[in-house]
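# Coordinate analysis (summary)
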Amino acid sequence: MRVTTNGAAPFVRPMSFVTLGAMPSASRDDHARLTDRERGLTWLLAAAFVALTTALYSRARAAAIDASEFTGTFVFDQDAHFYMGMARQAMEGRWLFSMPFTPEAHEPAVFNFEWLAMGWLARLTGGDVIDGMHLVRLIGMVVLVVGVVRLCALVFATTRWRLGVAVAILTGGGFGWTLGYPSIAQHLSDFTFLDSYAGVHPFFWMLFQPHFVIAQALLVTCLGTYLRAAQRPPGARRTRGFVFAFIGAAMVTLMRPYDGVVLALAGALFALSRRWSANASTGLGEWSLTLGALPLIVHQHVLFSEHEVFGWISRQGILLPPEPGNLVMSLGLPALVLPIALAKYIGAPALQRDTRGALAVQGVLCTLVAALALLYAYPPFPFTLQVIPAVAIPLTLFALAPFERRAELRSGRLATLVVVLVLGLHALTSASFYLAKWEAIPRGAHRIDTALVDAYEWVGDNVAADSVVMASYKTSNRLPRYALVRTFAGHSFATVAFKRKVQLAELFFLPLVDDAFRQHLIEEYGITHVVHGPDEEAYGSWDPRGKPWLEQLYRRRGVSVFAVRE
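Throughout, residues of each chain are indexed from 1 in the direction in which the sequence is written. Two thresholds apply to this predicted model, a pLDDT of at least 70 for residue-level local features and 80 or more for giving and counting side-chain atom pairs, whereas whole-chain, interface and lining totals are computed over all residues. Hydrogen atoms and water are omitted, and side-chain values are computed over all heavy atoms in the structure.

### Some words on the overall build of the protein
Let me state the cut-off plainly: A run of H or I in DSSP counts as a helix once it spans at least four residues, and a run of E counts as a strand once it spans at least two, with each numbered from the N terminus. Taken over C-alpha atoms, the radius of gyration is set against a globule rule of 2.2 Å times the number of residues to the power 0.38. Between buried and exposed lies partly exposed: a residue is buried under 20% and exposed over 50% of the maximum accessible area for its type, with that area taken using a 1.4 Å probe on protein chains only. Contacts are assigned to residue pairs with any non-hydrogen atoms lying within 4.5 Å of each other. Shrake-Rupley sampling with a 1.4 Å probe provides the accessible areas, and residues are treated as covered by the protein chains on show and by no other component.
The helix and strand tally for the protein stands at 25 helices and 10 strands. Over its C-alpha trace the protein gives a radius of gyration of 26 Å, about what one expects of a compact globule, namely 24 Å for 566 residues. Here the C-alpha coordinates of the protein stretch approximately 95 × 50 × 45 Å along the principal axes. Relative to its 566 residues, the protein shows a buried fraction of 56%. Look at the contacts in the protein between residues 6 or more apart in sequence, and 73% of them connect residues 24 or more apart. Surface exposure of the protein reaches about 23400 Å², of which carbon and sulfur atoms provide 62%.

### Re the confidence of the model for the protein
Let me state the cut-off plainly: Along the chain, pLDDT gives the predictor's confidence residue by residue, from 0 to 100.
Within the protein, residue pLDDT values average 89, and 91% of them lie at 70 or more. Element-level pLDDT for the protein is lowest in strand β2 (residues 10-13), with a mean of 34, against a maximum mean of 98 in strand β6 (residues 468-470). Residue range residues 1-28 is modelled with pLDDT below 50. Its contacts to residues more than four positions away, or to other chains, number 73 contacts. Confidence drops under pLDDT 50 across residues 349-355; counting only partners more than four residues distant or on other chains, this segment forms 27 contacts.

### Comments concerning the environment of Ala-105
Looking at where Ala-105 falls in the secondary structure, it is placed in the loop between α3 (77-91) and α4 (113-125). When its relative accessible area of 56% is taken as the criterion, Ala-105 is described as exposed. Those residues in contact with Ala-105 that sit more than four places away from it in its chain are Glu-308 and Arg-486.

### Some points on the environment of Leu-179
Within the fold, Leu-179 resides in the loop between α6 (159-171) and α7 (182-185). For the pair Leu-179 and Thr-192, spaced 13 residues apart in sequence, the C-alpha to C-alpha distance is 9.9 Å. With near-sequence residues (within four places) excluded, Leu-179 lies in contact with Ala-185, Phe-193 and Ser-196.

### Considerations on the sheet that holds strand β7 (residues 486-487)
Short version of the rule: Here, strands pair whenever DSSP counts at least two bridges between them.
Strand order in the open sheet formed by five strands is β7-β6-β8-β10-β9, with mixed pairing between adjacent strands. Two strands in the sheet have a free side with no partner beyond their single neighbour: β7 and β9 (550-556).

### A word on the pattern of salt bridges
Using the following cut-off: The working definition used for a salt bridge is a side-chain nitrogen of Lys or Arg within 4 Å of a carboxyl oxygen of Asp or Glu.
Evaluation of the coordinates by the stated rule reveals 16 salt bridges. Note that Asp-466 and Arg-94 form a salt bridge whose closest N and O atoms lie 3.3 Å from each other. Here the residue Asp-466 occupies a position in the loop between α21 (450-462) and β6, and Arg-94 occupies one in the loop between α3 and α4, the gap between them amounting to 372 residues. Exposure remark for Asp-466: the relative accessible area of 35% places this residue in the partly exposed category.

### Examining the nonpolar core
Going by this rule: Among buried residues, those of type Ala, Val, Leu, Ile, Met, Phe, Trp, Tyr and Cys that are joined through side-chain atoms within 4.5 Å constitute a nonpolar core.
In this structure, Leu-144, Val-148, Phe-156, Met-206, Phe-208, Ile-393 and Leu-397 are the most contacted members of the largest nonpolar core, which totals 98 residues. When neighbours within four sequence positions are excluded, Ile-393 is seen to be in contact with Leu-144, Val-148, Leu-151, Ile-169, Pro-202, Trp-205 and Val-220. With 31 residues, the next largest nonpolar core counts Phe-82, Met-84, Met-99 and Val-496 among its residues.

### Quick word on the packing of aromatic side chains
Condition: Working definition: a ring pair exists when centres of Phe, Tyr or Trp rings (six-membered ring for Trp) sit within 6.5 Å. Plane angles under 30 degrees give stacked, over 60 give edge-to-face, the rest tilted. The rule for a charge over a ring is simple: NZ of Lys or CZ of Arg within 6 Å of the ring centre, and within 35 degrees of the ring normal.
Inspection of the entire model under this criterion finds 36 aromatic pairs. Between Phe-156 and Trp-161 the ring centres are 5.6 Å apart and the planes differ by 35 degrees, which places this aromatic pair in the tilted class. The pair formed by Phe-156 and Trp-161 is uniform in burial state, with each residue classed as buried. On the basis of an interplanar angle of 45 degrees and a centroid distance of 5.6 Å, the ring pair of Tyr-456 and Tyr-482 is categorised as tilted. Here the residue Tyr-456 occupies a position in helix α21, and Tyr-482 occupies one in the loop between α22 (473-478) and β7, the gap between them amounting to 26 residues. Pair check on accessibility: Tyr-456 and Tyr-482 agree, each one buried. An aromatic cluster is built from Phe-49, Tyr-57, Phe-70, Phe-74, Phe-76, Phe-203, Phe-204, Phe-208, Phe-433, Tyr-434 and Trp-438, whose rings are joined through pairwise contacts. When the ring centre of Trp-312 is taken as reference, the NZ or CZ atom of Arg-315 above it lies at 4.7 Å. Over the aromatic face of Phe-488 sits the side chain of Lys-501, whose NZ or CZ is 5.9 Å from the ring centroid.

### Concerning the packing of helix α2 (residues 36-62) against α6
If you want to describe how two helices pack, look at the angle between their axes and the distance between the axes. Selection criterion: All axes are obtained by fitting lines to C-alpha atoms, using only the stretch in contact for helices, and the reported angles, taken between N-to-C directions, cover 0 to 180 degrees. Any angle that falls under 35 degrees is termed roughly parallel, while one over 145 is termed roughly antiparallel, one within 65 to 115 roughly perpendicular, and all others oblique. Two helices crossing with the near one rotated counterclockwise from the far one by less than a right angle form a left-handed crossing, whereas a clockwise rotation gives a right-handed crossing. As a working rule, the residues Ala, Val, Leu, Ile, Met, Phe, Trp, Tyr, Cys and Pro are called nonpolar, Asp, Glu, Lys and Arg charged, and the rest polar, with Gly in that last group.
Look at α2 against α6: their axes get within 11 Å of each other, and the N-to-C directions meet at 15 degrees. Taken together, the axes of α2 and α6 are roughly parallel relative to one another. As α2 runs across α6, the sense of the crossing is right-handed. Contact residues: Arg-37, Glu-38, Leu-41, Thr-42, Leu-45 and Phe-49 in α2; Thr-159, Arg-162, Leu-163, Val-167, Leu-170 and Thr-171 in α6. The class makeup of the residues in the contact of α2 with α6 is six nonpolar, three polar and three charged.

Next up, the structure:
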C-alpha cells in the first residue's frame, strides 16, 4: 500500500482488498464521532420512520370492517403467527420454548431471545402478543437507524455523506417497483425481484418484519462497535468495545443463527486480513465476533439437526439461493455501482481515499464477502436465502465509499437535485409497497373474523396447556398465538412431517372418511380437542356434532370446539 499526501491530508491507493486496514488510524476515533447536529438529525430520522410505520398499523387496527380485526402482520403470515405463538409461551412465564405447531410431545429448548422479549413486553404493558411484537419492531427500528448512522460515520467523513448514505440504506430497494408498470416490467420479465417480497432491504424489515429488523439492528450495532474498537490503540475502551461486540454477536446468533454465521465468518475474515496486512497485528479482541457467535452456532446446529422436533426445521426449511441477475436487480443501484467502485479499489489512478475510513471499509467488505459466500453456499448450507438481509447494508457502504471525496468537490443546486432524484429512484420499491398496503386496508386485507378470535381465546382460557388440537392448517397456525396448546399441522417447516400431517388433517374433515380413521389419528397423536369452523368446512361437509366420541364445549357464530371423550 502506498500512502501519498497533497499537503493537507493523507490519501491511499489500495493495492489489494486485504490491506485496506494497514494504515495509521488513531485519529479515526475523533473523526467518527457524531456531532450534536448529527445526533439530533439521527433521532429525527428515527422518529420519522417510527411515525411512518405506526401510521400504517394504526390505520389497520382502527379499521372497522365486517366483524373482523387486523391480524397484526402484512407479510409472512405463517411466520408471524409462529413468532407470536412462541411469544405467548414467554408471556405465560415460560423461559424455554416448545414447538406448538406439531402434536408430538418433546423437551423444550433454548431457542430465541427475541420471543422472550416479545412475551415479556406484552405482559409488562398488559397487552397481547401482537403489542409485544410491534414494541420489538419499534425498538429494533430505532436501534437500526442509530446503528446505520454510526456505521456510516466510520466510513464517511462528512455529515452530508453520513446521513445521505444512511437515508439511502434505510429507504432503499431494488427494481421491484417496475412490477407496477407493465410497460417497463415486460422488458424485465426474465428477472425475479426479491426486494418486493423477500425482505432484502431495511425499510421492508422496519415496516413488516420484526424478526429481521431486531436481528439486523443488533448486527449493525455489533459490527460498528467491533470496527470502532479495532481502530483504537490498545486500552480499556478498545477492550470494552470488543466485549460488547462479543455479547452482541451471541445475541444476534441466538435470534437469527443465519446472521450469526455471517458475523462469525466476517470477524474471521477481518482478523485474518489484518494479520496478513503489513504492520498490523491482531489479538483476541479481533476474534470477538467469531468467538461470541460460535458457541451458539454450535448450539443451534445441534438443535436443528438432532432435536426430535426442532430438527425438522432444517429438513423442511431449505431455501435456494437467488440467481445472480435476480440478486443484482433486487439490490438496485448499489449493485450497479459496485463494478465502478471495484475498479477504484483495485487501483485506478483517480482514487483518492481518506485513510482514516479504510479500516472500516475493510470490515464492511469482509461482511459483504461473508454474506455473499453464505448466500451461494448451497447445498452445504441449506438456508442460503436466509442470509440475504445481511447483504444490502455492507454492499451500499462498500459501493459508495470511494466516491465521497470526489463528490464533495461538486456542490450546488444541480448536485443536490441529482442526489434527491437518485435517492427517490432508489426508494421507489419501498414507497410502492407502503402505498399498496395503505390502499389495501379498506378492502379488508390482512384481517381475521372476530368469531374465530373469540373461539381461539376461549380455547386459551378453557383448554389445558399442551393439549393437542386437531384443526385446519390455518387454524393450527393461528391458534398457538392465543392458547398454550399444540396443534396438528401449523407450520410448513416446524411441523414434524408437515406434508403428511396436512394431508391427514384434510382427510380428518372429509365426509367420506370413516370415523375409525379419525379415532385412529386421535389415539396415535394424543388429540384431545377438535376445532371446527369455516376453514375446516372448506375441506368438506363433515359434521362433528352428534358423534358419541366428541363432546361439544363451545359453539358461537359458526365455530365449534369439541373435546375428545375418553
